[in-house]
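# Examination of the molecular architecture
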Amino acid sequence: MQSGTFHTTYAADMALRPYWPQRLRIALVLVAVLVFPWFADRYWLSLANTIAIAAIGAIGLNILVGYTGQISIGQGGFLAVGAFSAGLMAARLDMPMWITVPIASLFTAVVGAFFGLPSLRLKGLYLAIATLAAQEIITWVLTHGKLLGIGESLSIPRETSNIFGISMTAIGNPDFAFYWVTVGSLILTVLFVSNLFRSRVGRAFVAIRDQDIAAQVIGVDLFRYKLLAFATSSFFAGLAGALTAHYRGIISWERFTIDTSILYLAMIIIGGLGSVSGSIYGAAFITLLPALLSNLARLLSGAVPQINSYLPYMQQGAFGLAIILFLIFEPEGIVKMWRNVKDYFRLWPFSY
Amino acid sequence: MEKLVQLTMSGVANGAIFALVALGFVLIYKSSDVINFAQGELLLIGAYLTYMTVEQIGLWWPAGVVVAVLLAAVVGVLIETLVLRPLIGEPAISVIMVTIGLSSLLRAIVGAIWGVTPRPAPQFLPRDTMTIFGASVGVDKIWAIFLALVLFALLTLFFRFSREGIAMRAVADDQQAALSMGISVKRVWAVAWAIAAVTAAVGGILLMSIFGGVSGSIARVGLLVFPVVILGGLDSIPGAIIGGLIIGLLQSYAGGYLPPDLGMGEVVPFIILLLILLVRPYGLFGQRFIERV
């Protein structure tokens, strides 16, 4: 058991995960992540892919909401920008995935920075409402997408989903191939974002969240860093959207409405605001909750035949209830619950 | 001219309903600083409760409406005590999210009870049309405007003369001072939610009557509250009324005069919302205490 901090070098003190139990846990998780796809069937692989993509988007949103304190109800819109820009590039120009995904992410970052402009003058509730407007306007552009040449939905040619010429369908099971892409992107995102908040820029974000005027006084250029936060956050939203486009193969605006924005907000609230691992827990929770309920309904459908017709309402209600209960009883989210568990064992048997 | 009159009348009717809904929203915001994303679901609840009392239970319609409105008020008070009260003093994002979660939960409950298929609404507003300046206008629209005006008048009297209404104004003005004068702030919040639920329920009933049916799409109007209240000023009751009328008219004109396949009626309110936020975030009548950065 680790019983204190005994660093003797600066390098040890500045390490991302300084203690051996942390490293052990990460090693275990990594092993599990590497082993999982070889044993999982398609259903679990597709769930894992969905979670990984959602986690990237949730981490992006957490940069903005959890770390910089700028409430955004526009994540669905930014996901849509990423998805449709990647999709259009792939469908119209036959560009492969390894080109479209980065370009779409960068483009979304630019769009995000543009919609971040109101943050110059607005904050808190007003900013939240401004992002709501951004969401509605993006949805409107997509539903009236004749300008962009999008019909009801946009299909992405399967053959554009390749990386340096290696096709995702070559192995036979696209879920398996995509697993490495989505989880790989997630790991890179986690590494980037955890280190971001040890850097000058990340510290500036946190300073803005904690007290914006104080941050300005000590020399943080508020406008610049707020826009940067919007751009960084939207970059990951774009990444998640672009991956969704290539993974699903077909996208329509219905996937990116305000309900999606709410889903992502729920992920970071339930997972834990201002926490990278919390975003992942939240994404997993929100993705697994409906799947769990439908499995439960299937089990119970023998005993209660009419349960299947209530399933959509159960899923929606459970979602709402989860948000309310978490906010009332554990506002710091799953991350705090997990920390309580860890603390219990760390301090045991003298837990005071 | 004919089209103008028609569009104006339907714009004013919709605007009056938006104003009703926005009024409840502003009331909650003024008294407790809560941005209520579940306002649209309160409309839905009001409409479906009326459907229940009038069509399913079969009450005489005025009695059914009164019962439904009272039930809606109870729902409002319950929401305040069970969900909002534990979150006093939490950051803005928590309060926003809890109302969002609430909207999801309420929609699920309504869906589980009444399903999602649209149902024919009980008809109590007359469906015939009358001619104004040569244009035929639905009488139900005129009734909607009239009823909204009556409700505004009642609420104005309530705020001006009743003990409870004066207490609410005191809390909105200065919570601490009101507390120290012996006003129960919790009670005021409960009343604010009750009134918001009532105005939303009346709005929902009017919308149901104009649409000719109840369905989940009524809740969609809840989002239009944001352009209305931002335009009028988040904390201004006259602002909510005027903002509602302006947004209703603009939406009606944009939908009627611009090419219909663009569906401009849906997006115009939100474009106005962004413009107002950029130029004049406190709206037309709001107090200017936005902290600038």
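Predicted model, so just to flag it, every value in this text is computed and none were measured. (Residues numbered from 1 in each chain as written. Chains lettered and ligands numbered in written order. Predicted model: local features only at pLDDT ≥ 70, side-chain atom pairs only at ≥ 80, totals over all residues.)

## Section: the overall build of chain B
Stated precisely, the cut-off is as follows: Going along the chain from the N terminus, every DSSP run of H or I of four or more residues is numbered as a helix, and every run of E of two or more is numbered as a strand. The contact criterion used is a C-beta to C-beta distance within 7 Å, with each C-beta placed from the backbone.
A count of helices and strands for chain B gives eleven helices and four strands. Dimensions of chain B, computed from the C-alpha atoms along their principal axes, are close to 60 × 50 × 35 Å. Here the contacts in chain B between residues at least 6 apart in sequence split such that 74% fall between residues at least 24 apart.

## Structural notes on the overall build of chain A
This is how it is decided: Radius of gyration here uses only the C-alpha atoms, and the compact-globule reference equals 2.2 Å multiplied by the residue count raised to the power 0.38. To assign burial, the other C-beta atoms lying within 10 Å of each residue's own C-beta are counted, with C-beta atoms placed from the backbone; 20 or more indicates buried, 12 or fewer indicates exposed, and intermediate counts indicate partly exposed.
Of regular secondary structure, chain A possesses 14 helices and four strands. For chain A, the C-alpha radius of gyration of 21 Å lies close to 20 Å, the compact-globule estimate for 352 residues. For the C-alpha atoms alone, the extent of chain A along its principal axes is close to 60 × 55 × 45 Å. Expressed as a percentage of its 352 residues, the buried residues of chain A come to 46%. Once local pairs closer than 6 in sequence are excluded, the contacts in chain A between residues at least 24 apart make up 75%.

## What about the interface of chain B and chain A?
As a reminder of what qualifies: Residues are sorted three ways: Asp, Glu, Lys and Arg are charged, Ala, Val, Leu, Ile, Met, Phe, Trp, Tyr, Cys and Pro are nonpolar, and all the rest, Gly among them, are polar.
At the interface, 37 residues of chain B touch 35 residues of chain A. Residue assignment for the side of chain B that touches chain A shows that the elements contributing at least two residues are α4 (92-114), α9 (221-232) and α11 (264-279) of chain B. At 16 residues, α4(B) tops the list of elements feeding residues into the side of chain B that touches chain A. The residue makeup of the side of chain B that touches chain A, split by class, is 28 nonpolar, five polar and four charged.

## Points about helix α5 (residues 139-161) of chain B
Along an α-helix, residues three or four positions apart point the same way, because every turn accommodates 3.6 residues. Quick note on the threshold: Here the expected span of a helix is defined as 1.5 Å times the quantity of residues minus one.
Look at α5(B): 33 Å from first C-alpha to last across 23 residues, which is about the 33 Å you get at 1.5 Å a residue. For α5(B), the full list of buried residues reads D140(B), K141(B), A144(B) and A148(B).

## Observations concerning the nonpolar core
To keep it simple, the criterion reads: Nonpolar core, as used here: buried Ala, Val, Leu, Ile, Met, Phe, Trp, Tyr and Cys residues forming one set through C-beta atoms within 7 Å.
Among the nonpolar cores identified, the biggest contains 207 residues, and I323(A), A22(B), A197(B) and A201(B) are the most heavily contacted of them. Counting residues per element, this core draws most heavily on helix α8 (residues 185-211) of chain B, which supplies 18 residues. Aside from chain neighbours lying at most four places away, what touches A201(B) is L42(B), I45(B), G46(B), L49(B), A68(B), V69(B) and A72(B).

## Quick notes on the packing of helix α12 (residues 276-300) of chain A against helix α13 (residues 307-329) of chain A
A packed helix pair is summarised by two numbers, namely the angle formed by the two axes and the spacing between the axes. Residue and element names in this part refer to chain A. To be explicit about the condition: Helix axes are fitted only over the stretch in contact, all axes being lines through C-alpha atoms; the angle between N-to-C directions runs from 0 to 180 degrees. When the near helix sits turned anticlockwise from the far one by under a right angle, the crossing is termed left-handed; a clockwise turn instead gives a right-handed crossing.
Viewed as axis vectors pointing N to C, α12 and α13 meet at an angle of 145 degrees, and their least axial separation amounts to 10 Å. For α12 against α13, the interelement crossing comes out right-handed. Every residue of α13 that contacts α12 at L289, P290, L293, S294, A297 and L300 is listed here: I307, N308, L311, M314, Q315, A318, F319 and A322. Of the residues assigned to the contact of α12 with α13, the class counts are eleven nonpolar, three polar and no charged.

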